Amino acid sequence: RWRRAAAQKRPGLATGAERRRKKRLEEGALRDLQSACYLDDLTVEGSIEKSLEGHVIKIDLADCNICALPNSIGQLKALTKLDLFHCENITRLPEGIGGLTALETFTLDHCFFLAALPAAIGELGALTDLN
């Protein structure tokens, strides 16, 4: 009871149920990304890095044969770095990319078939490095 009351008094403090919901959304986004990349395990070769709290903070998909990112990528709220270097087959970025509010570095070098960036790219307030 005390924890629930404390969470209600401090709006920035997430309840256990809210933390579990966010974790499920993050795990779903990673599964969608695995499917899009045709990978069995995104942890192979250091493709992802997690924070001490277990949140995905970096994803390196350089040279991945991905054609499009899943819209659910926006659920990775703690993501600070996304590297799509040399993902030559990627043709579009989803509007869900705007959900990556912590994203600081976004690498798109050599994504030759990526014709345009979605309007949601403007929602990335923490973005400081777009290549």
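Computed from a predicted structure; not experimentally measured.

Brief notes about the overall build of the chain
Step number 1: Across its full length, the chain holds two helices and five strands.
Step number 2: For the chain, the α and β elements follow one another from N to C terminus as α-α-β-β-β-β-β.
Step number 3: Here the chain holds 131 residues, and 39% of them are scored as buried.
Step number 4: Of the roughly 8000 Å² of accessible surface on the chain, 50% is carried by carbon and sulfur atoms.

Focus on the pairing of strand β2 (residues 56–60)
Step number 1: Inspection of the sheet shows strand β1 (residues 48–50) paired to β2 by three bridges, in the antiparallel sense. Bridge assignment links Glu49 to a residue of β2, and that residue is Lys58.

Quick word on the confidence of the model for the chain
Step number 1: Of the residues in the chain, 82% reach a pLDDT of 70 or more, and the chain-wide mean stands at 82.
Step number 2: With pLDDT under 50 throughout, residues 1–7 is counted as low confidence; its partners more than four residues away or in other chains account for three contacts.

Here's the deal with the nonpolar core
Step number 1: Counting residues in each nonpolar core, the largest one holds 28 residues, and the members touching the most others are Leu69, Leu82 and Leu84.
Step number 2: Going through the elements one at a time, α2 (16–37) and β2 are the ones with two or more residues in this core.
Step number 3: Of all the elements, α2 adds the most residues to this core, at three residues.

What counts, and at which threshold
- Residues numbered from 1 in each chain as written.
- Predicted model: local features only at pLDDT ≥ 70, side-chain atom pairs only at ≥ 80, totals over all residues.
- Heavy atoms only, no water.
- Helix = DSSP H or I, 4+ residues; strand = E, 2+ residues; numbered from the N terminus.
- Buried < 20%, exposed > 50% of the residue type's maximum accessible area, 1.4 Å probe, protein only.
- Areas by Shrake-Rupley, 256 points an atom, 1.4 Å probe, with all protein chains shown as cover.
- Pairing = 2+ DSSP bridges.
- pLDDT = per-residue confidence, 0-100.
- Contact = heavy atoms within 4.5 Å.
- Core = buried A, V, L, I, M, F, W, Y, C linked by side-chain atoms within 4.5 Å.

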